[in-house]
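# Observations on chain architecture
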Amino acid sequence: MKPIYPLVSYQFLNQCALTAARFIVVLYAIQLQASTAVIGLLISMFALAPLCGAVSIGRLVDRIGSNWPLLLCTLATILGPLVPVFFSGYWSLAVLGLLVGGGAFGSQVVVNTLAGRAANSAERAANFSVMSMGISGANAVAPLVAGILIDHTGNHLLLLGLVAVLPVVSLGLMPYRHFPRILRGRAGATQAQKKKAMDLVRHPAVSSILIMSTLFVLLWDVFAVLAPLHGTQLALSATEIGLVVSTFSVASFAVRVVLGPLSRRFSAWRMLLVAMSMAALGVLAFGFSAALVALVIFAFVIGAGQGVGSPVSSAVLYEATPPDRVSEAMGLKVSLGMGTHIFVPFAVGALGAVIGIAPFLWLMGLLLLLGVWLMRSKWHEVGQGVAP
């Protein structure tokens, strides 16, 4: 068995826990008649811990290896969903977000590093594609199943208890004994710890791809936060909202199946710019749509764009980063993405009641188009970057 497949299994289950927990928290808060601002605050909690700690987790992995960081992140993902089961109040949902967000996104830093180390330069894009298929598969399954179970049971807390089982299973599926080579820390990584994260940001090749990868993270927020709220305003059922959110992830999964052949025919930056343009137009159209069929169609368009952008940007970032700082760079990528995870819920909470969800979607689409315009000079670049 290739090392990548146990990593995918582990990531799939933990991503299911993250996606399901976010989805359930949004609908549970709506049932509790929480204000839009409170819902935005609760969702932003999923991003706060990785925003502050992802770079530190990456540095720890570069220094001591992956076993302990991976175990601690998984334990946090297990404990998070159990807090609201035993304690009531909005604060318990906030603690859930801190633990699950920190654990799940922290584990992404670890497994993305492992996926990159398990391949040579020619195979790396394919490895990240397979890893991202596990993520998109989880994003497709979790909201739909959670929506159906909410409609049939009406018990959000019971479902949160079931969510905690997923990372428990992932621990059993992760065969640490099969990874003696790639689970060790890199020799000489201690010196890299003395360098600042801003040293990476200042490098042109790294900074450009960090900007693009952050914009692609923004797409995830559009559907994790805005799509359920938009669907609720349109009086869609939980199952219908789950269908829309899952379609986004189905498209992400489907396009990644053919990403390997695409990467051999087109440069990485051309794929990124086309994917971002397609996704931006889809977001604009999504904001104008009210019918379920239209929402599903445009969710597929946006998901296809994100499906290309996320793994390709990770591969480019890996190639552009010094070997002894790869985990730190992956942590920096996650940390910057968490900034958008916090910005979007707060912006929805502050502006949603004033301008509405649909205009906010239009603003997001325009922002993505602006990113394409700013990076248009990358169209003629060939290759995935050179380590500084």
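Residues numbered from 1 in each chain as written. Predicted model: local features only at pLDDT ≥ 70, side-chain atom pairs only at ≥ 80, totals over all residues. Heavy atoms only, no water.

### Regarding the overall build of the protein chain
The cut-off we apply is this: In this text, helices come from DSSP runs of H or I with a minimum length of four residues, and strands from runs of E with a minimum of two, each type numbered from the N-terminal end. The buried label applies to any residue whose accessible area, calculated with a 1.4 Å probe on protein chains only, is under 20% of its type's maximum; exposed applies above 50%, and partly exposed to all values in between. Any pair of residues with heavy atoms lying within 4.5 Å of one another is described as a contacting pair. Only the protein chains shown count as cover for residues, with accessible areas throughout obtained via the Shrake-Rupley method and a probe of 1.4 Å.
Tallying secondary structure elements over the protein chain gives 17 helices and zero strands in all. Per-residue burial for the protein chain yields a buried fraction of 59% across its 388 residues. Considering only contacts within the protein chain whose residues lie at least 6 apart along the sequence, 86% involve residues at least 24 apart. Taken as a whole, the protein chain presents about 15100 Å² of accessible surface, with 70% of it coming from carbon and sulfur.

### Details of the side chain of Ser107
As for its placement among the helices and strands, Ser107 is situated in helix H5 (residues 90–117). Given a relative accessible area of 0%, Ser107 falls into the buried group. Setting aside chain neighbours within four positions, we find Ser107 in contact with Tyr10, Gln11, Asn14, Leu70 and Cys73.

### Side note on the confidence of the model for the protein chain
Put simply, the rule is: Each residue gets a pLDDT score, which is the predictor's confidence in that residue and runs from 0 to 100.
Scored by pLDDT, the protein chain comes out at a mean of 79, with 84% of its residues at no less than 70. Averaged over each element, pLDDT in the protein chain is lowest for helix H9 (residues 189–193) (46) and highest for helix H4 (residues 83–86) (92). Ignoring residues within four places in sequence, the model shows residues 177–194, a span with pLDDT below 50, making 38 contacts including any to other chains. Confidence drops under pLDDT 50 across residues 383–388; counting only partners more than four residues distant or on other chains, this segment forms 19 contacts.

### Section: the environment of Ser66
For Ser66, the location among the structural elements is in the loop between helix H2 (36–64) and helix H3 (67–79). Residue Ser66 is classed as buried on the basis of its relative accessible area of 0%. Taking the C-alpha atoms as reference, Ser66 lies 6.3 Å from Val110; in sequence the two are 44 residues apart.

### Observations regarding the packing of aromatic side chains
Applied cut-off: Classification of ring pairs rests on two measures: the distance between centres of Phe, Tyr or Trp rings, Trp counted by its six-membered ring, which must be within 6.5 Å, and the angle between planes, read as stacked under 30 degrees, edge-to-face over 60 and tilted in between. By definition, being over a ring means that NZ of Lys or CZ of Arg is both within 6 Å of the ring centre and within 35 degrees of the ring normal.
Enumeration according to the criterion identifies two aromatic pairs in this entry. The interplanar angle of 50° and the centroid separation of 5.8 Å between the aromatic rings of Phe87 and Trp91 together place this pair among those described as tilted. Note on Phe87: relative accessible area 46%, which makes it partly exposed. Residues Phe288 and Trp362 carry aromatic rings whose centres are separated by 4.5 Å and whose planes lie at 20° to one another, so their mutual orientation is stacked. Residue Phe288 is found in helix H14 (residues 268–288), and its partner Trp362 is found in helix H17 (residues 357–374); the two are separated by 74 residues along the sequence. Across from the ring centre of Phe46, 5.7 Å away, lies the NZ or CZ of Arg22, which sits over that ring.

### A word on the nonpolar core
Quick reminder of the rule: To qualify as a nonpolar core, a set must consist of buried Ala, Val, Leu, Ile, Met, Phe, Trp, Tyr and Cys residues joined through side-chain atoms within 4.5 Å.
Counting residues in each nonpolar core, the largest one holds 105 residues, and the members touching the most others are Phe46, Met212, Phe223, Phe286, Ile302, Val312 and Leu368. If sequence neighbours within four positions are ignored, Ile302 has contacts with Leu219, Phe223, Phe248, Ala279, Gly282, Val283 and Phe286.

### Here's the deal with the packing of helix H1 (residues 4–31) against H3
Where we set the bar: Convention adopted: a line fitted to C-alpha atoms gives each axis, helices being fitted over their contacting stretch, and angles between N-to-C directions are expressed from 0 to 180 degrees. A clockwise turn of the near helix away from the far one marks a right-handed crossing, whereas an anticlockwise turn of less than a right angle marks a left-handed crossing.
Viewed as axis vectors pointing N to C, H1 and H3 meet at an angle of 35°, and their least axial separation amounts to 11 Å. Read as a crossing pair, H1 and H3 show a hand that is left-handed. Together, Tyr10, Asn14 and Ala17 of H1 and Leu70, Thr74 and Thr77 of H3 make up the contact between the two elements.

### Some thoughts on H2
Condition: Given the number of residues in a helix, its expected span is that number minus one, multiplied by 1.5 Å. Bend is the name given here to the angle between axes fitted to two runs of seven residues, the run ending at a residue and the run starting at it.
For H2, with 29 residues, the first-to-last C-alpha span of 42 Å sits near the 42 Å given by 1.5 Å per residue. The sharpest bend along H2 reaches about 50° and sits at Gly53.

### Quick notes on unusual backbone geometry
Even without a glycine there, the phi angle at Gln33 is positive, about 65°. Here Gln33 is to be found in the loop between H1 and H2. A residue is classified by how much of its surface remains accessible, and Gln33, at 72% relative accessible area, is exposed. Located in the positive-phi region is Ala235, a residue other than glycine, with phi close to 65°. Residue position: Ala235 is located in the loop between helix H11 (204–233) and helix H12 (238–257). Overall, the relative accessible area of 67% leaves Ala235 in the exposed class.

### Description of the packing of H1 against helix H7 (residues 156–163)
If you want to describe how two helices pack, look at the angle between their axes and the distance between the axes. So the rule is basically this: Roughly parallel covers angles under 35 degrees, roughly antiparallel covers those over 145, roughly perpendicular covers 65 to 115, and oblique covers all other angles. Only Asp, Glu, Lys and Arg are considered charged, only Ala, Val, Leu, Ile, Met, Phe, Trp, Tyr, Cys and Pro nonpolar, and every remaining residue, Gly among them, polar.
Between H1 and H7, the least distance of the axes is 10 Å, while the angle of their chain directions is 165°. Considered as vectors, H1 and H7 are oriented roughly antiparallel to each other. As for how H1 packs across H7, the hand of that crossing is left-handed. From H1, Ala17, Ala20, Ala21, Ile24, Leu27, Tyr28 and Gln31 reach across to H7, where they touch His156, Leu157, Leu159, Leu160 and Val163. Taken together, the residues of the contact of H1 with H7 break down into 10 nonpolar, two polar and no charged.

### Details of a nonpolar patch on the surface
Note the cut-off: Surface patches are defined over residues having more than 30% relative accessible area and no salt bridge, joining like charges when they lie within 9 Å and nonpolar side chains (Val, Leu, Ile, Met, Phe, Trp, Tyr) when within 5 Å. Basic side-chain nitrogens of Lys or Arg form a salt bridge, by our definition, when they fall within 4 Å of a carboxyl oxygen of Asp or Glu.
A cluster of nonpolar residues, Ile64, Trp68, Leu72 and Leu75, forms a patch on the protein surface that exposes about 430 Å² of accessible area. Residue contributions to the nonpolar patch peak at three residues, all from H3. Inspection of the secondary structure assignment puts Leu75 in helix H3.

### A short note on the side chain of Ser335
Quick reminder of the rule: Counted as a polar contact is a pair of N or O atoms within 3.5 Å, where, for protein atoms, one must be capable of donating a hydrogen and the other of accepting one, and residues adjacent in sequence contribute only when both atoms are in side chains.
Of note, Ser335 is situated in helix H16 (residues 326–355). Reaching out from Ser335, the side chain makes a polar contact with the backbone oxygen of Leu51 at a distance of 2.7 Å. Those residues within four positions of Ser335 in sequence are excluded, and the remaining contacts are Pro50, Leu51, Ala54 and Val55.

### A closer look at the environment of Val145
Tracing the sequence through the fold places Val145 in helix H6 (residues 121–153). For the pair Val145 and Ala20, spaced 125 residues apart in sequence, the C-alpha to C-alpha distance is 8.5 Å.

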